[in-house]
Amino acid sequence: MSYSLLFQKSYELVKWIYPAVNKFPKSQRLVLSQRIENTSIKILEAIISLSYKDSKLVRKQILFEIQKLQILMRISKDLSFLDFKKYEYISSLMKEISDLLDKTGGGGPMQTYRNLYNKLCSFENLHIAFRKAKRNKGFNLHIAEFELNLEAELFKLKHELETTTYEPRPLRQFPIREPKTRLISASHFRDRVVHHALCNVIETIFDKTFIYDSYANRKFKGTLAAVLKFDEYKRKVSGNGRLLPDAKDNNQVFGYALKADIRHYFDTVDHEILIRIIERKIKDEKVLWLIKKILDNHVSELPGKGMPIGNLTSQFFANIYLNELDYFVKHKLKAKHYIRYVDDFMLLNPTKQILEEWKNQINGFLKNNLKLDLHPEKSKVMALQSGTKFLGFRVFYKYKLLKKSNIRRMKHRINDFIEMYMNGLTDKIEILDSIDGWEAYAMHANTYKMRKQMNKKMLRVLDAK
């Protein structure tokens, strides 16, 4: 157990506070300033004590002093002694210290999960949630309206959550057709703030229970990390590229992969099962109330089923739900080479028969325990030598190709960019940013010539105008 980061953050808190409060009006320096300075020193001293002897009493004292300091800083902001950016910074720093205090343990495993709802409803957590919900969204009228009266809106949300009178707004639904037609459900901005506030509090509790090779919607993971892990596993399963007796090229290696997909996953997640899984970790009744409120906001053809594609909470709950499958595969089937990205997952093995048996056992587990089904057409065992489709790539032993549908989609987007640019609806910077994002993805496949041709076409148009 390490306390060095806790000490570093609390020292940073004290070091920041002293010069900040010395700029308060002279009339307040012996009242508000002194109380703030003394409280910050108490936090630092208590954390030093904690590093020598960890105890619940000291932890309670630290949390009490942090709460007191938060109130003092809020008063300072309301009196205009602190501008909002400074208030935001110090609130975030105190939140970091509180979170680190949870992560360093102390007591039984349930200690982390007490008083979750108070943390969820706190002003600093809601403010952090607002920043996350706003990130990379560009200009949006609903966001601008919310931000215009930011503190009033956050306090209103805080009150609604604390009094359990919060009601999510109806979802806005629209179809997208890339790569297949799907119905996306968009939440109102204030509801997205609540989703982030919830995930801020419960994500760390569940994330540490997830297996390493679960790659969707997690820090330091993602599609490219999953594809690179597939490269590692295909080498192990094939015995470092051991060629078949009648191999015609270096891609025809030993080994098989079970590529599987769950049929209509987001539409068929069972709310009752999901809540039971969450209740194993979360005992706070109000947090459970909020989770049920978010789940019930989705209108489904099957009552008690489904989650809206596009919500942050849906992505997070999707990982919690299929973590049950991960444990079954890793601990019951004892599969060593397993990767999952949302409802797409891959198992590799030198023997085809073993994968066929695993497929049947997985389908039985999904039906009996999670009320899900494998997609009959998209769940197949295939030889590594024929190339394996995974997360937008077709992976061979020696190289990767992009799926044809991805290439077609990007060509259509380039044509759309050109048309928008010629009509003055977008600019060079926006187009180049989009192209760079796609290039960062495509460069992991053998696409040099194709990327060069696409860039050449785009630059010719951009330079001509």
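Below is a summary of the structure that appears in this document. (Residues numbered from 1 in each chain as written. Predicted model: local features only at pLDDT ≥ 70, side-chain atom pairs only at ≥ 80, totals over all residues. Heavy atoms only, no water.)

### Focus: the packing of aromatic side chains
In this description, an aromatic ring pair is defined by two values, namely the gap between the centres and the angle between the planes. Counted by the stated rule, this structure contains 17 aromatic pairs. Judged by centre distance (4.7 Å) and plane angle (25°), the ring pair of F123 and F155 falls under stacked. Taken together, the residues F123 in helix α6 (residues 123-134) and F155 in helix α8 (residues 150-162) connect sequence positions 32 residues apart. On the numbers, 5.9 Å between centres and 20° between planes, the contact of F130 with F146 is stacked. In this pair, F130 is assigned in helix α6 and F146 in helix α7 (residues 141-148), connecting sequence segments 16 residues apart. Given the relative accessible area of 3%, F130 is considered buried. By relative accessible area, which is 4% here, F146 ends up buried. (Phe/Tyr/Trp six-rings, centres within 6.5 Å; stacked < 30°, edge-to-face > 60°. Helix = DSSP H or I, 4+ residues; strand = E, 2+ residues; numbered from the N terminus. Buried < 20%, exposed > 50% of the residue type's maximum accessible area, 1.4 Å probe, protein only.)

### What to know about the pattern of salt bridges
Inspection of the entire model under this criterion finds 21 salt bridges. Note that K371 is salt-bridged to D270, the shortest N-O span being 3.9 Å. Separated by 101 residues along the polypeptide, K371 in the loop between α15 (352-370) and β6 (380-383) and D270 in the loop between α11 (265-268) and α12 (271-279) bring together distant segments of the chain. Residue classification places K371 among the partly exposed positions, given a relative accessible area of 49%. Residues D326 and R340 are paired through a salt bridge, measuring 2.8 Å at the closest nitrogen-oxygen approach. Linking D326 in helix α14 (residues 312-332) with R340 in strand β4 (residues 338-341), this pair joins segments that are 14 residues apart in sequence. In this structure R340 comes out as buried when scored by relative accessible area, which is 0%. Bridged by salt links that share partners, the residues K9, E12 and E96 form one connected network. (Salt bridge = Lys/Arg side-chain N within 4 Å of Asp/Glu carboxyl O.)

### Points about the pairing of strand β5 (residues 344-349)
Residues in a regular strand point their side chains to alternate faces of the sheet. By the criterion of burial, β5 is predominantly enclosed, with six of the six residues buried. Side-chain alternation along β5 places D344, M346 and L348 on one buried face and F345, L347 and N349 on a second face that is also buried. In this sheet, β5 lies alongside strand β3 (residues 256-261) in antiparallel orientation, the contact comprising six bridges. Bridge pairing links K259 to M346 in β5. The hairpin formed by β4 and β5 contains two residues between the paired strands, and V342 there has a positive phi angle of roughly 55°. (Pairing = 2+ DSSP bridges.)

### A look at the sheet that holds strand β9 (residues 400-402)
Spatially, β7-β8-β9 is the arrangement adopted by the three strands of the open sheet, whose pairing is antiparallel. In this open sheet, the two edge strands, each paired with only one partner strand, are β7 (388-390) and β9. Ignoring which end each strand starts from, the neighbouring axes of this sheet average 30° apart. Here helix α10 (residues 223-237) sits on the sheet and contacts β7, β8 (393-395) and β9; the angle it forms with β8, its principal contact strand, is near 10°. (Axes fitted to C-alpha atoms, helices over the stretch in contact; angles between N-to-C directions. Contact = heavy atoms within 4.5 Å.)

### Notes on the sheet that holds β3
Ordered by their spatial adjacency, four strands build an open sheet running β4-β5-β3-β6, and the pairing between neighbours is antiparallel. Edge positions in the open sheet fall to β4 and β6, since each of these has one partner strand only. Going across the sheet, the axis of each strand differs from the next one's by a mean of 20°, ignoring polarity. In this sheet, β5 lies alongside β4 in antiparallel orientation, the contact comprising four bridges. Residue pairing across strands places R340 opposite F345, the latter belonging to β5.

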